[in-house]
Amino acid sequence: MAAAEGTPLTGVALAAAPEAAPAGWTAITVTVEGAAANLGKGFGHKGGGYLCVSTGGAQAAPGPVVTDVQVLSDRSPQPAGYTRAPEFPEPRTAGSRKKRVYVKLLPLDAAETAVFDIKLSSKSKALPHYMKIGEMGSFAIWCKKGPVLKSSPQPVPKPRTISAGLRQLSLQPSASDQKSPVARGSVKRASQYESLYDTSNIYGLSAMDGVPFTLHPKFESKLSSGSNAILADLNIKSLADIEEEYNYAFVIERTAAARLPPSVC
């Protein structure tokens, strides 16, 4: 079934005149051929009558929608689950009608398909994509059905579960570590340098996300005395010290190269 455009109908009724339709209702005054869609005196009023439809308008909460419409003779019993279409104004006497209109309403959440449009035409005309539901007076009544498009709820992200190993690498202190002055100092210093790595994008992530950072525990006790205490333990080597410590003469490599045949070298 092709998707129907527009809003599902929320009601179908009969009105003695177009101006008799209440607010929110629209009278079908012309057929698809452009002729007047007056149902005739057989409707029960001197001036005839008109079919009316309602789309509910901008409702705060979606109400029931029309899922089916049937036009039956007055001798046919009322179908189960259907209600008789209201009349505007209400007739003073329950006069006999040769044809009656019955409407089936369902809550929007429970409806799979709904009626989106109703048109009238001459009895000899066929309307593509419309289904004939009956005849009244000298007209054929057609309805257009389609699937109900329901708005899907916004996805809710699942809470992340962190294993015990990853929790130990996290900068966020656990409940048991809140009382530890060392842990509080570590997190405080990490937040001071957070702005240096603020490369967050539209997804709220940065290049440093997931990279643990904390000072080695042996430096924690020296922070209270200032940064000079840490610098005092640093051993600064000269260029000569570095060359002496990391000197490598490549003796093994040169000896092996000398033993190779000249063609290989």
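Residues numbered from 1 in each chain as written. Predicted model: local features only at pLDDT ≥ 70, side-chain atom pairs only at ≥ 80, totals over all residues. Heavy atoms only, no water.

**So, the environment of Gln78**
Within the secondary structure, Gln78 is located in the loop between strand E4 (65–73) and strand E5 (83–84). The spatial distance from the C-alpha of Gln78 to the C-alpha of Arg100 is 9.3 Å, given a sequence separation of 22 residues. Aside from chain neighbours lying at most four places away, what touches Gln78 is Thr83, Arg84 and Tyr102. Among the polar contacts made by the side chain of Gln78, one reaches the main-chain carbonyl oxygen of Tyr82 at a distance of 2.7 Å. (Helix = DSSP H or I, 4+ residues; strand = E, 2+ residues; numbered from the N terminus. Contact = heavy atoms within 4.5 Å. Polar contact = N/O pair within 3.5 Å; in protein donor to acceptor, adjacent residues only side chain to side chain.)

**Comments concerning the nonpolar core**
Ranked by internal contacts, the top residues of the largest apolar core, which has 22 residues, are Val12, Leu51, Val69, Val101, Ile118, Leu120 and Ile141. Elements that contribute at least two residues to this core include exactly strand E1 (11–15), strand E3 (50–54), E4, strand E7 (99–106), strand E8 (113–122), strand E9 (131–136) and strand E10 (139–147). Setting aside residues up to four positions removed in sequence, Ile141 forms contacts with Leu51, Val71, Ile118, Lys119, Leu120, Met131, Lys132, Ile133, Gly134 and Met136. Among the nonpolar cores identified, the runner-up in size contains 7 residues, and Ala13, Ala27, Cys52 and Phe88 belong to it. (Core = buried A, V, L, I, M, F, W, Y, C linked by side-chain atoms within 4.5 Å. Buried < 20%, exposed > 50% of the residue type's maximum accessible area, 1.4 Å probe, protein only.)

**What about a nonpolar patch on the surface?**
On the surface, Tyr248, Phe250 and Ile252 cluster together to form a nonpolar patch covering roughly 350 Å² of accessible area. Positionally, Tyr248 belongs in the loop between helix H5 (239–245) and helix H6 (251–259). (Patch = residues over 30% accessible without salt bridge, like charges linked within 9 Å, V, L, I, M, F, W, Y side chains within 5 Å. Areas by Shrake-Rupley, 256 points an atom, 1.4 Å probe, with all protein chains shown as cover. Salt bridge = Lys/Arg side-chain N within 4 Å of Asp/Glu carboxyl O.)

**Some details on the confidence of the model for the chain**
Summarising the model, the chain shows a mean pLDDT of 76, and 60% of its residues fall at 70 or more. Here helix H2 (residues 181–192) stands out as the element of the chain with the lowest mean pLDDT, 53, in contrast to E8, whose mean of 95 is the highest. (pLDDT = per-residue confidence, 0-100.)

**Focus: the sheet that holds E1**
The 4 strands are arranged E2-E3-E1-E6 in an open sheet whose pairing can be described as mixed. The strands lining the two open edges of the sheet, one partner per strand, are strand E2 (25–27) and strand E6 (87–88). The pairing of E1 with E3 spans 5 bridges and is antiparallel. In the sheet register, Gly11 faces E3, and the bridge partner there is Ser54. (Pairing = 2+ DSSP bridges.)

**Regarding the packing of aromatic side chains**
Note on aromatic pairs: each is described by the distance of the centres and the angle between the planes. Following the criterion strictly, the structure yields 2 aromatic pairs and no others. Geometrically, the ring pair formed by Trp25 and Phe88 is edge-to-face, given 5.4 Å between the ring centres and 65° between the ring planes. Taken together, the residues Trp25 in strand E2 and Phe88 in strand E6 connect sequence positions 63 residues apart. For the ring pair Tyr248 and Phe250, a centre distance of 4.7 Å and an interplane angle of 80° mean the geometry is edge-to-face. (Phe/Tyr/Trp six-rings, centres within 6.5 Å; stacked < 30°, edge-to-face > 60°.)

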